[in-house]
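Below, each chain spelled out in residue letters.
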There are 2 protein chains.
Amino acid sequence: MSVYLHDIPLPDAKARLQSALEDAGLWRVLGAETIPLDEHAIGRVLAEPVWAKVSSPHYHASAMDGFAVRAADTVGAQPSTPVTFSLLPSHSPQAVYLDTGDALPEGFDAVIPIENVESLGPDGNLTSVLRQPSSVRIRAAVTPWSHVRPLGEDIVATQLVLPAGQALRPVDLGAAAAAGHRTVRVARRPRVAILPTGSELVPIGSDPSTALRQAQGGSSGQRLKPGDILEYNSLVLAAQIKAWGGEPTRFPITPDDFDAICARVQEAARDHDLILLNAGSSAGAEDFSAGVVEKLGTLLVHGVAVRPGHPVILGVIRNRVEGNKELGDKESGNKESGNKGLGEQETQLPNYLIPNPWIPIIGVPGYPVSAALTGEIFVEPLLARWTGRRPLEHPVAQARLTRKITSPAGDDDYVRVAVGEVGGKLLAAPLARGAGVISSLVRADGIVVLPRGVQGAEAGETVDVRLYRSRAELERTIFCIGSHDMTLDLLAQFLAQHDRRLASANVGSQAGLVALKRGEAHLAGSHLLDPETGEYNVAYLAQYLPGVPVRLMALVGREQGLLVKRGNPKGVKSLGDLSRQGVRFVNRQRGAGTRLLLDYHLSKMGISAESIQGYNQEEYTHLGVAAAVASGRADCGLGIAAAAQALDLDFVPLFQERYDLVIPKIHAESSLLAPLFEVVASAEFREAVGRMPGYDVTVMGKIIVEA
Amino acid sequence: MSVYLHDIPLPDAKARLQSALEDAGLWRVLGAETIPLDEHAIGRVLAEPVWAKVSSPHYHASAMDGFAVRAADTVGAQPSTPVTFSLLPSHSPQAVYLDTGDALPEGFDAVIPIENVESLGPDGNLTSVLRQPSSVRIRAAVTPWSHVRPLGEDIVATQLVLPAGQALRPVDLGAAAAAGHRTVRVARRPRVAILPTGSELVPIGSDPSTALRQAQGGSSGQRLKPGDILEYNSLVLAAQIKAWGGEPTRFPITPDDFDAICARVQEAARDHDLILLNAGSSAGAEDFSAGVVEKLGTLLVHGVAVRPGHPVILGVIRNRVEGNKELGDKESGNKESGNKGLGEQETQLPNYLIPNPWIPIIGVPGYPVSAALTGEIFVEPLLARWTGRRPLEHPVAQARLTRKITSPAGDDDYVRVAVGEVGGKLLAAPLARGAGVISSLVRADGIVVLPRGVQGAEAGETVDVRLYRSRAELERTIFCIGSHDMTLDLLAQFLAQHDRRLASANVGSQAGLVALKRGEAHLAGSHLLDPETGEYNVAYLAQYLPGVPVRLMALVGREQGLLVKRGNPKGVKSLGDLSRQGVRFVNRQRGAGTRLLLDYHLSKMGISAESIQGYNQEEYTHLGVAAAVASGRADCGLGIAAAAQALDLDFVPLFQERYDLVIPKIHAESSLLAPLFEVVASAEFREAVGRMPGYDVTVMGKIIVEA
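Report follows, based on the coordinates. Fair warning: this is a prediction, and the values are worked out from it, not measured in the lab.

In this section: the environment of Ala77(A). Residues and elements named next belong to chain A. Mapped onto the secondary structure, Ala-77 falls in the loop between helix H2 (71-74) and strand S5 (83-86). Taking relative accessible area as the criterion, Ala-77 reaches 7% and is therefore assigned buried. A sequence separation of 96 residues divides Ala-77 from Leu-173, and the C-alpha atoms of the two residues are 44 Å apart. Setting aside chain neighbours within four positions, we find Ala-77 in contact with Val-83, Ile-138, Arg-139, Ala-140 and Ala-141.

Here we take up the interface of chain B and chain A. The interface of chain B with chain A comprises 119 residues on the first partner and 119 residues on the second. In total, chain B and chain A occlude about 9300 Å² of area from one another, counting both sides; carbon and sulfur atoms represent 64% of this. Of all residues in chain B, Glu39(B), Lys53(B) and Arg182(B) give up the largest surface area on contact with chain A, accounting jointly for 7% of the area buried on that side. Counting the contacts that link chain B with chain A gives four salt bridges. For the pair chain B and chain A, the number of links is 22 residue pairs in polar contact (both at pLDDT 80 or more). When residues of the side of chain B that touches chain A are assigned to their parent elements, the largest contribution, eight residues, is made by helix H2 (residues 170-178) of chain B. Of the residues contributing to the side of chain B that touches chain A, the split by class is 65 nonpolar, 28 polar and 26 charged.

Residues and elements named next belong to chain B. Positionally, Arg-595 belongs in helix H14 (residues 593-605). Residue classification places Arg-595 among the buried residues on the basis of a relative accessible area of 4%. A polar contact of 3.1 Å, which involves the side chain of Arg-595, links it to the side chain of Glu-618. Apart from the residues lying within four places of it in its own chain, the contact partners of Arg-595 are Asn-587, Arg-588, Gln-589, Arg-590, Tyr-615 and Glu-618.

A few words on the pairing of strand S21 (residues 358-364) of chain B. All names here are of chain B. For S21, the tally of buried residues reaches six of seven residues, placing the bulk of the element in the interior. Note: strand S17 (residues 274-278) against S21, four bridges, orientation parallel. Across the sheet, residue Asn-278 finds its bridge partner in S21, namely Val-364. As paired elements, strand S20 (residues 313-318) and S21 share six bridges and run antiparallel to each other. When the bridges of S21 are listed, Ile-317 appears paired with Ile-359.

Turning our eyes to something else, we now look at the sheet that holds strand S20 (residues 313-318) of chain A. Residues and elements named next belong to chain A. Taken in spatial order, the six strands line up as S16-S13-S17-S21-S20-S18 in an open sheet, and their pairing is mixed. Edge strands, defined here as strands with exactly one partner in the open sheet, are strand S16 (247-250) and strand S18 (297-302). With direction set aside, neighbouring strand axes in the sheet form an average angle of 20°. When strand S13 (residues 191-196) meets S16, the two strands line up parallel, connected through four bridges. Counted as the bridge partner of Ala-193 is Thr-249 from S16. On top of the sheet, helix H6 (residues 258-270) reaches S13, strand S17 (274-278), S20 and strand S21 (358-364); it is set at about 155° to S17, its chief contact.

Here we come to the relation of the copies chain B and chain A. Take chain B, turn it by 180°, move it 0.0 Å along the axis, and it overlays chain A with an RMSD of 0.1 Å. Such a combination of rotation and displacement between the chain copies is what one expects of a two-fold axis. Mapped onto chain A, 100% of the interface residues of chain B are again interface residues, and the two copies thus contact each other with one and the same surface.

On to the pattern of salt bridges. Residue and element names in this part refer to chain B. For the structure on display, the rule yields 77 salt bridges over all chains. We note a salt bridge from Glu-267 to Arg-264, for which the minimum N-O separation is 3.1 Å. With Glu-267 and Arg-264 both in helix H5 (residues 258-269) and three residues apart, the pair spans about one turn of that helix. On the basis of relative accessible area, Glu-267 is assigned to the partly exposed category, the value being 36%.

Right, let's get into the packing of helix H1 (residues 10-23) of chain B against helix H8 (residues 368-387) of chain B. Residues and elements named next belong to chain B. Contact geometry of H1 with H8 gives a least axis separation of 12 Å together with a crossing angle of 35°. Every pair of crossing elements has a handedness; the one defined by H1 and H8 is right-handed. Within the contact between the two elements, H1 uses Leu-10, Ala-13, Lys-14 and Leu-21 and H8 uses Ile-377, Phe-378, Pro-381 and Leu-382.

Reading the values: the criteria
- Residues numbered from 1 in each chain as written.
- Chains lettered and ligands numbered in written order.
- Predicted model: local features only at pLDDT ≥ 70, side-chain atom pairs only at ≥ 80, totals over all residues.
- Heavy atoms only, no water.
- Helix = DSSP H or I, 4+ residues; strand = E, 2+ residues; numbered from the N terminus.
- Buried < 20%, exposed > 50% of the residue type's maximum accessible area, 1.4 Å probe, protein only.
- Contact = heavy atoms within 4.5 Å.
- Buried area = accessible area lost by both parts, 1.4 Å probe.
- Salt bridge = Lys/Arg side-chain N within 4 Å of Asp/Glu carboxyl O.
- Polar contact = N/O pair within 3.5 Å; in protein donor to acceptor, adjacent residues only side chain to side chain.
- Nonpolar A, V, L, I, M, F, W, Y, C, P; charged D, E, K, R; others polar.
- Pairing = 2+ DSSP bridges.
- Axes fitted to C-alpha atoms, helices over the stretch in contact; angles between N-to-C directions.
- Least-squares fit on C-alpha atoms with pLDDT ≥ 70 in both.
- Left-handed = near helix turned anticlockwise from the far one by under 90°.

All we've got here are geometric facts, nothing functional implied.
Dropping the structure here:
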C-alpha cells in the first residue's frame, strides 16, 4: 500500500482526462433528443441551431386597432379638407375596420389608428365608435405601410433564430415557436452515477443523540455511534449535477469491500455516462478506488495538486455490453434520444443501443469541501462539454485580504473567503481551511485561488476573487467581527428578512476592535471589562479606535458562568475549584472578553494561571468551549448559559456582563445598517432573544456612547 | 367603449397592487411545505431558518490516516531519541491505528499521521506498514489535539446553519444534512394560471404554408390563414414562471367571448394564486379583460406608463369557495403543505382548505415583447415576495449608445440593446423597438430604461444597461455591422461552436464603414462597387476609414438578380423591365451595396429612378425584399439567390458581385477574432456556404488588402 499520492498539476490532470475521452470519442455532445416546446425546455441546451421554418408575421398585419385604407386615397386630407371613406358596401369598401393583428385586406396598404378617425353614421353625421359607423373621416394623409407590421417584420423564413449550444431561456422558446417549431433538438442530459462507499457511512437523518431525537421528535434513523459518518456527499454531488444539466443517480452505500465496489461500478457503468466513486480515493488502509479503476480499466491520474481535494482519481473503465439490453428496457420511453453529436449525421439507432465502450470514472475525495470542489473543477466542465454549453464561470473581482494566507507551494490552493464591501473597499476574509468544514463553503462568498508556486498572500494584499454572489448581494452584506454571541445568529436571521446579510467572523473582542480600526468590518461585538471601572468597552474605544467617531450600543446583558457536565460530576462551584487536582479546564483564546473576565477574577482571587490544568487549551467560541466539555475533553469552561443549553450541559452562573456592538459612526448612519437598528428596536427580536436562557434584554438598544 | 387607456406611472401601479394584496393578506410568503433533502430541493426557498440539530462532527475524529496517541506520552521524542508505542495488548494499547474519520478512542488526544511513524514488527525491527505492525516509533513530539477534528469543528448544535429566504444551493443541502436534517421547510410554489384569449389565436406548430409543410415534413397542425396568430405568449409566460419558482398552468385558448372568459377566469381562480389573462387588455372592440375584472372583482389599474406594454391591467377578483373541494382532491398528495407564512404559527389545516378570498389578476398585453416585459416587471417581483426570496436583479453596466433613441416623455421606456465590447469600450446598440418583434428580446444583451420625463438619449451618450449576459459573455461577442448576407447566419452558428458570439446589425455597407470608423464594431460586411474600377470595397476604405489599418478579406462571391414570384408572372427579365407600366419594384435602403449596384447599372442603361414604381419603397435586408415580393406587396426586387430560395421565389440572375469583410487590423489581430479566421479557413464552413444557391466560395478567405 503506497501511502503517498503522486499529485500532478491540475492542468495536466485535466489534459489526461480530455485526451482519454478524445480517444474514446467522448469529447463531444453525447447525444441529442427532440423535446416538445414547453416550459420544461428552459435550461436545455440546443444540439442544433433553430432556423426559421416560417416568417413572423406570415402576413401583413395591422399594428393597431383602426381602419385599413389605401394610402393613395388619403392624399390631400388635411384639418380643413377632410377625406371620407365609406365602409360600405362590404364587398368593396374604401376602408375596413381592423383589430390589432388582423390581416390587411388585399389591395390595402396602410392603417389609420381608431383614435385618428371621425366615425360617421348613415346620415353622414358624427357618431360614436360604439355603434358601427358606415363611414370614417380623416384629416391627415398617411404614407404607405404606416401602422402595418409587414410580413417577416420579426422573423423571416430560413434565418437563424437560435444557435446550437444556446441554453434555452423563456423568450427563446417564444422565438422558436414564432419561427414555426413545436419541438426543439437538445443535448440529452448526461447520466451520472454517484456511488457512496465506506463502511463508516450512514444515511442522512440518522440521529446522533436520543435526547435530541426525543426533543426534536424528528428523524427516526438509527442511533449514530462515534465513527459513523453521515453520508451527504452524494446529495451535494447529485444537486450539483442536476444544477449543471445532468441526470444524477444516487446509489446505496457500498461497504469497504473491493469486490462489492467493483460489482457496483460495473452495474453503474451499464447505463451511465460518468461514475463518481466517493470516497476511498486516498491511500489509506481501506482506499480501494485506485485499485478498482486499475482492475476495470485505466487509471489516468491518482492525486492532483489542488487543495482541498488532492486525492482525486481520474480514470476510464471498460463498459460491459451485456448491460445494454436492460438499459434498452429502462429507456424505452425515450425513443427520441439519438446518439447524434453536433454536426453529425443523424443515426436511426437510439443511443442507448450504442454504449460507450469506455466510461470515465472520477474518484472523489471524502471530505465534503474536497468533494464539492472536485465537482466544480472536474465534473462541471465535463457536463458542459457533453451538453455543448460553455463551462460556468464566476465573475471575478479584486478584493483586499484581511488576513495572511499561507499555502503549500506545490498546489493550486482554493481558499474560501467571505467578501464584503466596507467603506467602498471590497474585502476578502479567509474562512476555515479545513476540508471537513462544509459550513465554510456555505458561508463562502467567493474563492481565491493561489496558484502553484505561490506560497501564500499577505494581509492587505489585493487578490482576485471568483464571486459566488452578485455584487448587489455583497453590497447588502453587513460585515460583523469580534466577539461571538448567539444573539448574532438570531440577528442574522432577522436581518435576512430585512434584505441584509450578516456575515460574522469570530475573532474575539480585542481583535474585533483592531479590525474595525483597519476598516475591515462595519461593526464589532465586544464585551471587554475595564478592571479599573468595572465598566464594559468604553475604556477600550479610546485605546483601539482613537479619533474614530463611534456609536456604542448595548445589545444584551448575559450571564457568564461555568459550563459543566450534567450533574456537575466534579462539583465545580467557583473559579477556586479550577486549580483543584483532576479538574480539567478549557479556556478561550487571548483577547476574548471571556478570557479577560476570567483573568480579572482570577487575579482578584489570587489564583495563578499555572495552577489551572488546561488554561492554555484555547477555544474560539462559547460553543467550542461547550463542545469540549460535552465531549469530555474538559470538565469545565467559562462561558454563557445559552452555550450550555445548546449542548445539554449544566451551568454554574458566576457573573453578569454586558455585550455591546461597536459601530463606527460612518457605518452607523449608513442605509446599509439602518435595518440593524430597526431589528434591535423591534419587539419580535427582543422576545426571541429573551427566550434564550441567561439573557437580559432590558439594556437592548441602549446607546452607551455616541461620539 | 373608451378607446383611451389611463396610463399611470409604474411605481403607482405597483403600489396599488401591493396595497390591495396587503389588504387581502397576500403580501407575504403564501405557504410552506416540508420536502425531503434531495437534489430536487435545489432552488427552493427556505421558509424557515435551518438550525443545527446536531454537531458535526459529533465526536472527536481523526483528521488523517494514522495512530492515536496521548500527546503527553510523546514529550521528548526527537530524531536522536525516538519514542516507541506498543499497539498491544489490544485492550490497553499505547497507540491505535485510525483511518481518517475514525473516532478518537477514550483517553487519547492526538493523532500521528501514518507517514510520520516507523512501524516495528514483534521483533522490534522495522517492518512495512503493509503488514500489521505490533508497535510504532516516532521521532517528534506532538501537541494535544493535533490532526484531530474536535466535536463541532464544522457545525455546533443549535447554531444557525441557513437563514430563511435562502434559495438552496448544493452545498446548502449538504450543510443541512450535516446539521442533522433530512427534510427542509420551504415556501410552496405559487400556482399561476395562464389564460390565452382571442379568437384569432391558434396553437403553436400550426403550419402557415403547405409548401413548407411538405418540405420540412414537420408539424402537422392545421393550415394558418392570414390573421391567425400563433399563440406562444403562454409558453413564454409559463417558462418565466417556472424559472422564477412558480407552478404555471397553461389553459386552452378561450375565444373572444365575455362570458366564456369570465367562466374561464373563475375556473382558474379555484386553485391558483395568480391569474394572467392574455390578451384583450387594451381598449379595442374585442378587449374584454378590463370588463371581466370589473365584473368579477376590482379593477385597480388599466394602463401603465411603460413601453412596450402599457395596456396592462391589474386587479383582484373574488374567489368562489365551492372550488376548494375539488382542489382538495387534487392536492391530497401534498399533506405537508401548510398555510404558514414566515414567523406565523403553523396551522394544522392544509392551505388548500383556506382559499384566498381574493386573487390577483394581471391583464397581460398581447404583443410578445410587451407580454414578456410584463412578466419581468410585475410577475417576477410578486413571485419573489410569495416565496420569500429577493427579486432578481440584473447587473448594471455603463455603455455608450451607438444611436440616438427617442422616447415618449410620459413613459418608462424599456429599450432592448445589443451590447458588445469594442476596443475596451462597452457599446449599447438599440435593437428593433417594435413590441411585436420577439427576436429583439432574443438578441437583446440588456435593457436600457429611459425613465418618465426623459425624451430620449443621444448617440454617444453613456447609459446604464441592465445586462442579461455576463461580462465574460460580452467579452466573447464579435460585433459585426454593415451589409447583410445570409453567410453571416452560418458564420454565427459556426462561431458559437468556437466560443464566440456574433452579434450583427444590418445597416448597409456604407453605414457599416462609418460605424467602423467610429469604433463601434469589430468588423463590417461590405459589397460596395466602385463605378470607376468595377472593383469592390477597396476604393471606399480610403474614403471611409482614412488612416485606419485594415484587413479586407473576401468572404463570398454571390449572384445578384431579380427576385420574382414563382413563374415570374410579370415576365421581368432585366432592369429595363422595371420601368414598365404595372411592375412594382421594392428597393434597398440608401447606402446598401445592392442599392449602389442598382443605381450603377440603371445609370449605365439610362433608366431614371422616377420611372420605376416603388423605387422609394425601402427594405433593409435581402430577406425583407424577398418577403415583400412573396407577399405581393411588390412584383420584384434586386437581391441574392439565397433570399429567393428562402421564400420560395424565382430568381433572375443579373450580376456577380463580391461580399467582403472589412476588419480594422487592431481587431483582426485580436484573440477575439482569431476563431473567425479559423472558421473561414475551414472546409466545413466552405461546404456549408457552398450548399446555398448562388454562392461562389472560391474567393473565400482571400486577403484583398492588408494595410
